[in-house]
Amino acid sequence: MEAYFDNSATTKVFDCVKEIVVKTMTEDYGNPASRHIKGVEAERYIRDARSVIAKSLRVLDKEIVFTSGGSESNNMALIGGAMANRRRGGHIISTNVEHSSVYNTLGFLEEQGFEITYLPVDSHGHISLSRLKDSLRQDTILVSVMYVNNEVGSVEPVEEIGKIIKECQPHALFHVDGIQAYGKYEIRPKRQGIDLLSVSGHKLHGPKGVGFLYIDEKAKVKPLIYGGGQQKGMRSGTENVPGVAGLGAAVREIYRDHQAKVDYLYGLKAYLMERLGEVEGCVINSQPGRESAPQIVSVSFEGIRSEVLLHALEERGIYVSSGSACSSSHPGLSGTLKGIGVRPELLDATLRFSFGLFNKKEEIDYAIQVLKELLPVLCRYRRG
């Protein structure tokens, strides 16, 4: 049996996504900038996808800018937002549990002279709203907070954060990394005070290499890519029509009977947590139930290095993660696990199980069975 529990790294695409990607690669393959019928057909796919996404967020079509994925969206939001508003000030607020595509981009901005305040989190991965309020200053131009943490699934109180920013420093942009949240939650930027929202297609059963950045029409953001002026100059370059069309199809499908899909994921999460209770020596780092995201469960296994267990599970057809896939080339202990207070001896003994809509309870049963077989054997080789 194969059990793929690494959906926060990437997902298998829906059939409807595969079909539209193939069609736009082999039949409707025109350049959307061309003025003949092939170009018009291609442009229609872009327009339709933009409309579907805008409706899912209750925003304007023109506020959606397509990108190559989550990392580019985060870079555009942070660098473009900071540079466009530099005259107002040079102070940025974020957290110490952000994804590397935010954390490393903020590091670049520090090199450019911006001052970054990193807010700590509590044992559940939440920032302190009072500390956020105290950190806002007259020269604060940008606040960036992850909606759902990609390692443990903690959910930040985004709407409350948005209210504080708009009340205390209304000119500051509020950027939300929504890469693990979009498709799992009904996100309403206008109501939640979000000015910039980053999304990646391959986290919600869409294609890799495509995403979008929502930019509120009143927000000032400088482009990062210049050229032919596509997407009203915000992101030049020929649009990735198959990717955008596939993303639109994925969004349409993920938000059809959306609550039922979310409930299904929460059911898988609850079942895994229940079954893990049968496994000796494991510590669950994610909050149960709807206190955290529906698709992520972080588990530490006492005395066993995560990489060892990961590869032992892989040999039995079970695929999990030992951290964020996007930071796999940067070895080191997780800042998120440190931030929530995971015991030092468990920092390199932690795996992430993440669900998608193709997972089944039978796969969880298989994983628990294999863990019960593997752990006693691996424990014999644990470090003294």
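These numbers come from a predicted model, not from an experiment. (Residues numbered from 1 in each chain as written. Predicted model: local features only at pLDDT ≥ 70, side-chain atom pairs only at ≥ 80, totals over all residues. Heavy atoms only, no water.)

### Things to note about the overall build of the protein
Scanning the protein for helices and strands turns up twelve helices and twelve strands. In summary, the protein has a C-alpha radius of gyration of 21 Å against a globular reference of 21 Å for 384 residues, a match within 12%. Based on the C-alpha atoms only, the size of the protein along its principal axes is roughly 65 × 55 × 35 Å. A total of 384 residues make up the protein; the buried ones form 58% of that total. Residue pairs in contact within the protein that sit at least 24 positions apart in sequence constitute 74% of those at least 6 positions apart. Summing over all exposed atoms, the protein offers an accessible surface of approximately 16,600 Å²; the carbon and sulfur share of this is 51%. (Helix = DSSP H or I, 4+ residues; strand = E, 2+ residues; numbered from the N terminus. Rg over C-alpha atoms; globule rule 2.2 N^0.38 Å. Buried < 20%, exposed > 50% of the residue type's maximum accessible area, 1.4 Å probe, protein only. Contact = heavy atoms within 4.5 Å. Areas by Shrake-Rupley, 256 points an atom, 1.4 Å probe, with all protein chains shown as cover.)

### Quick look at unusual backbone geometry
A positive phi angle, close to 70°, is found at H205, a residue other than glycine. Examined against the element boundaries, H205 turns out to sit in the loop between β7 (196-200) and β8 (211-215). Phi at D257 takes a positive value of approximately 50°, unusual for a residue other than glycine. Tracing the sequence through the fold places D257 in the loop between α8 (241-254) and α9 (258-276).

### Some details on the packing of aromatic side chains
Evaluation of the coordinates by the stated rule reveals seven aromatic pairs. On the numbers, 5.4 Å between centres and 85° between planes, the contact of Y182 with F212 is edge-to-face. You can see Y182 sitting in the loop between β6 (173-177) and α7 (189-192) and its partner F212 sitting in strand β8, a full 30 residues away along the chain. Like Y182, the residue F212 is buried in the burial classification. Site record: aromatic cluster; members linked through ring pairs are F5, F353 and F355. Positioned above the aromatic ring of F358, the side-chain terminus of K12 is 4.8 Å from the ring centre. (Phe/Tyr/Trp six-rings, centres within 6.5 Å; stacked < 30°, edge-to-face > 60°. Lys NZ or Arg CZ within 6 Å of the ring centre and 35° of its normal.)

### Brief notes about the sheet that holds strand β10 (residues 296-301)
Taken in spatial order, the three strands make up an open sheet running β9-β10-β12, and their pairing is antiparallel. In this open sheet, the two strands that pair with only one neighbour each are β9 (282-284) and β12 (350-354). The mean inter-strand angle of the sheet, taken between neighbouring strand axes irrespective of direction, is 30°. Bridge analysis of β9 against β10 gives three bridges, and the strand direction is antiparallel. Considered in β10, the bridge of I284 is made with V299. Contacts between α9 and the sheet are confined to β9, β10 and β12, with β10 contributing the most and set at about 15° to the helix. (Pairing = 2+ DSSP bridges. Axes fitted to C-alpha atoms, helices over the stretch in contact; angles between N-to-C directions.)

### Topic: the confidence of the model for the protein
Averaged over the protein, the pLDDT score is 94; the fraction of residues at 70 or greater is 96%. The low-confidence segment residues 324-331, where pLDDT is below 50, has nine contacts with residues more than four positions distant or belonging to other chains. (pLDDT = per-residue confidence, 0-100.)

### Let's talk about the packing of α9 against helix α12 (residues 361-379)
When two helices pack together, their arrangement is given by the angle between the helix axes and the distance between those axes. For the pair α9 and α12, interaxial distance at closest approach is 10 Å and the crossing angle is 20°. Here α9 lies roughly parallel to α12, going by the angle between them. When the axes of α9 and α12 are compared, the crossing they make is right-handed. The segment α9 lies against α12, with L268, Y271, L272, R275 and L276 engaging K361, I364, D365, I368, L371 and K372. Split by residue class, the contact of α9 with α12 holds seven nonpolar, no polar and four charged. (Parallel < 35°, antiparallel > 145°, perpendicular 65-115°, else oblique. Left-handed = near helix turned anticlockwise from the far one by under 90°. Nonpolar A, V, L, I, M, F, W, Y, C, P; charged D, E, K, R; others polar.)

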